[in-house]
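An overview of the molecular structure
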Amino acid sequence: MEMGDASGATRPRPRGALGLFLAYGGVVATLAVGPAIMCVGLVAGADWWIPMLVGAALSVFVIPFALAKWRMIGRQQREAALLGERGRLARGEVVAIGPAMFADEDGVTLTLRFADLDVPAFQVEYVCAAARGYEVGDRIEALVDPETGLFAIPSERQRRALRGTLS
């Protein structure tokens, strides 16, 4: 499921226990590179100070990035839990399409208007690949939390499961 919020950000979130394990494992592996180089330096012999210096410099450089990634994964999981608790399945109408970058391919920014919930109508932006072929007037089904503006575009399998649990 692709998650997003009212700011226009669209992010994939780790799926299931294995995805979460791999995401956090990647952060731990990133943090472990510097100390591993330092350990190699201890057994290197006469030039032990070079790997120690490189390992220390690498550790200082990657720690802020690894901690930011750790926090981002946690935030995505909290948002997914919040959306799972308070989200409702709704159809958003595409009211505008604009150009955007999506990974390494051409993308589009879709402005989705949700008016069929029991709250005042609101709009969110969704960034996706241009190859999906959306046009103005199309309706896209999404799991939406109207209070926070969080939304997720479920896959067809997830959509069928949500219809079964929400009906």
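Residues numbered from 1 in each chain as written. Predicted model: local features only at pLDDT ≥ 70, side-chain atom pairs only at ≥ 80, totals over all residues. Heavy atoms only, no water.

The number of helices and strands found in the chain is three helices and seven strands. Listing the helices and strands of the chain from first to last along the sequence gives β-β-α-α-β-β-β-β-β-α. Residues counted as buried form 34% of the 167 residues belonging to the chain. Put simply, of all contacts in the chain between residues at least 6 apart along the chain, 56% involve residues at least 24 apart. If you sum the accessible surface of the chain, you get close to 9,900 Å²; carbon and sulfur atoms cover 63% of it. (Helix = DSSP H or I, 4+ residues; strand = E, 2+ residues; numbered from the N terminus. Buried < 20%, exposed > 50% of the residue type's maximum accessible area, 1.4 Å probe, protein only. Contact = heavy atoms within 4.5 Å. Areas by Shrake-Rupley, 256 points an atom, 1.4 Å probe, with all protein chains shown as cover.)

Time to look at the pattern of salt bridges. Counted under the stated rule, the structure contains two salt bridges. The closest approach of N and O atoms between arginine 75 and glutamate 79, which form a salt bridge, is 3.5 Å. Here arginine 75 and its partner glutamate 79 are both found in helix α2 (residues 49-86), four residues apart, which amounts to about one turn of the helix. Residue class for arginine 75 comes out partly exposed when judged on its relative accessible area of 35%. (Salt bridge = Lys/Arg side-chain N within 4 Å of Asp/Glu carboxyl O.)

Turning to its location among the elements, threonine 109 is positioned in strand β4 (residues 105-114). Apart from the residues within four sequence positions on either side, threonine 109 is in contact with Ala96, Ile97, Gly98, Pro99, Ala100, Glu125, Tyr126 and Val127.

In this fold, threonine 111 is placed in strand β4. Setting aside anything within four residues of it in sequence, one finds threonine 111 in contact with Glu93, Val94, Val95, Ala96, Gln123, Val124 and Glu125.

The subject of this paragraph is helix α1 (residues 16-42). Given a rise of 1.5 Å per residue, 27 residues ought to cover 39 Å, and the 39 Å separating the end C-alpha atoms of α1 matches this to within 8%. Of all the bends in α1, the largest measures some 35 degrees and sits at valine 33, one to four residues before the proline proline 35. Residues of α1 that are buried: Ala23, Val27, Gly34 and Gly41. On its buried side, α1 packs onto α2. (Expected span 1.5 Å × (residues − 1). Bend = angle between axes of the 7 residues up to and from the residue.)

Formed by 16 residues in total, the largest nonpolar core has its most connected members in Leu110, Leu112, Phe114, Tyr126, Val144 and Ile153. Contacts of phenylalanine 114, omitting those with residues within four sequence positions, involve Ala90, Arg91, Gly92, Ala121, Phe122, Val124, Ala142 and Val144. Formed by five residues, the second largest nonpolar core is a distinct cluster that contains Leu143, Leu150, Ala152 and Leu162. (Core = buried A, V, L, I, M, F, W, Y, C linked by side-chain atoms within 4.5 Å.)

This part takes up a nonpolar patch on the surface. Side chains of Trp48, Trp49, Ile50, Leu53 and Val54 sit close together on the surface and give an oily, nonpolar patch of about 530 Å² of accessible area. Locating isoleucine 50 in the fold gives a position in helix α2. (Patch = residues over 30% accessible without salt bridge, like charges linked within 9 Å, V, L, I, M, F, W, Y side chains within 5 Å.)

What follows is about the packing of aromatic side chains. Inspection of every chain in the model, using the stated rule, returns four aromatic pairs. On the basis of an interplanar angle of 55 degrees and a centroid distance of 4.4 Å, the ring pair of tyrosine 24 and tryptophan 70 is categorised as tilted. Of the two residues, tyrosine 24 is situated in helix α1 and tryptophan 70 in helix α2; the sequence distance between them amounts to 46 residues. The class for tryptophan 70 is partly exposed, based on a relative accessible area of 40%. Ring geometry for tyrosine 126 against phenylalanine 151: centres 6.1 Å apart, planes inclined by 80 degrees, an arrangement best described as edge-to-face. In this pair, tyrosine 126 is assigned in strand β5 (residues 122-129) and phenylalanine 151 in strand β7 (residues 150-153), connecting sequence segments 25 residues apart. Assigned by exposure class, tyrosine 126 and phenylalanine 151 land together as buried. (Phe/Tyr/Trp six-rings, centres within 6.5 Å; stacked < 30°, edge-to-face > 60°.)

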